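Below are the chains, spelled out letter by letter.
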Amino acid sequence: MHDYPGPALVTLATSLLLFACAAYVGRCRVRFAIKAPATSGHPQFEIAYRIQMNTLENVVLFLPVLWVFAVHLSSHWATALGALWLAGRIWYALAYARDPKTRGGGFLLSMLAFGALGLGGAWGVLRGLIA
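Below: a short report on this structure. (Residues numbered from 1 in each chain as written. Predicted model: local features only at pLDDT ≥ 70, side-chain atom pairs only at ≥ 80, totals over all residues. Heavy atoms only, no water.)

Describing the state of the cysteines
Line of reasoning, step 1. By the definition in use, this model includes zero disulfides.
Line of reasoning, step 2. For the unlinked cysteine Cys-21, the closest cysteine sulfur is that of Cys-28, found at 11 Å.
Line of reasoning, step 3. By relative accessible area, Cys-28 is classed as buried at 4%. (Disulfide = S-S within 2.5 Å. Buried < 20%, exposed > 50% of the residue type's maximum accessible area, 1.4 Å probe, protein only.)

Have a look at this one:
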């Protein structure tokens, strides 16, 4: 595993992003007096909750393709594309929190990085099967 410090760092940073999203939901829950287990109430709480859930949903898809790409194609490119995905998700979260209509750029960046990781990972696996 010592050959993959970049993807490992991206994975750790992704965990930190998930923690930050959960903390934001918790802060909004307290600020707007939304008692658990409610997931609706004040619009800003609902935005925070959607940011957290959307990010969690994407992480479940992102981490496998990050690691398949790293192992079967390139650790360095996996790191670069993973960092782009992470930057896109941070951009998405910050934009969504300010004004939900402006989240598109971050979403697009993260989806392009995800697509490149998925396609590249698939190419790497198929190339290994053929060789």
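We are not done yet, so read on.
A closer look at the side chain of Thr-11
Line of reasoning, step 1. Among the structural elements, Thr-11 can be located in helix H1 (residues 5-31).
Line of reasoning, step 2. Thr-11 has contacts with Leu-63, Leu-66 and Trp-67, leaving out every residue within four places of it along the chain. (Helix = DSSP H or I, 4+ residues; strand = E, 2+ residues; numbered from the N terminus. Contact = heavy atoms within 4.5 Å.)

Considerations on the packing of helix H2 (residues 43-72) against helix H3 (residues 75-98)
Line of reasoning, step 1. Orientation of H2 relative to H3, taken along the N-to-C sense of each, is 175 degrees, at an axis distance of 10 Å. One way to sum up the angle between H2 and H3 is to call them roughly antiparallel. Contacts between H2 and H3 involve Gln-44, Ile-47, Arg-50, Ile-51, Asn-54, Thr-55, Asn-58, Val-59, Phe-62, Leu-66, Phe-69 and Ala-70 from the former and Ser-75, Trp-77, Ala-78, Leu-81, Gly-82, Trp-85, Arg-89, Tyr-92, Ala-93, Tyr-96 and Ala-97 from the latter.
Line of reasoning, step 2. Tallied by class, the residues present in the contact of H2 with H3 amount to 15 nonpolar, six polar and two charged. (Axes fitted to C-alpha atoms, helices over the stretch in contact; angles between N-to-C directions. Parallel < 35°, antiparallel > 145°, perpendicular 65-115°, else oblique. Nonpolar A, V, L, I, M, F, W, Y, C, P; charged D, E, K, R; others polar.)

A closer look at the packing of H3 against helix H4 (residues 104-130)
Line of reasoning, step 1. It is the contact of H3 with H4, at a shortest axis distance of 7 Å, that shows an interaxial angle of 155 degrees. The angle between the axes of H3 and H4 places the two elements in the roughly antiparallel class. Judged by the twist between their axes, the crossing of H3 over H4 is left-handed. Contacts between H3 and H4 involve Ala-78, Leu-81, Gly-82, Leu-84, Trp-85, Ala-87, Gly-88, Arg-89, Trp-91 and Tyr-92 from the former and Gly-105, Gly-106, Phe-107, Leu-109, Ser-110, Ala-113, Phe-114, Ala-116 and Leu-117 from the latter.
Line of reasoning, step 2. In terms of residue class, the contact of H3 with H4 is built from 13 nonpolar, five polar and one charged. (Left-handed = near helix turned anticlockwise from the far one by under 90°.)

Purely geometric numbers; function is a separate question.
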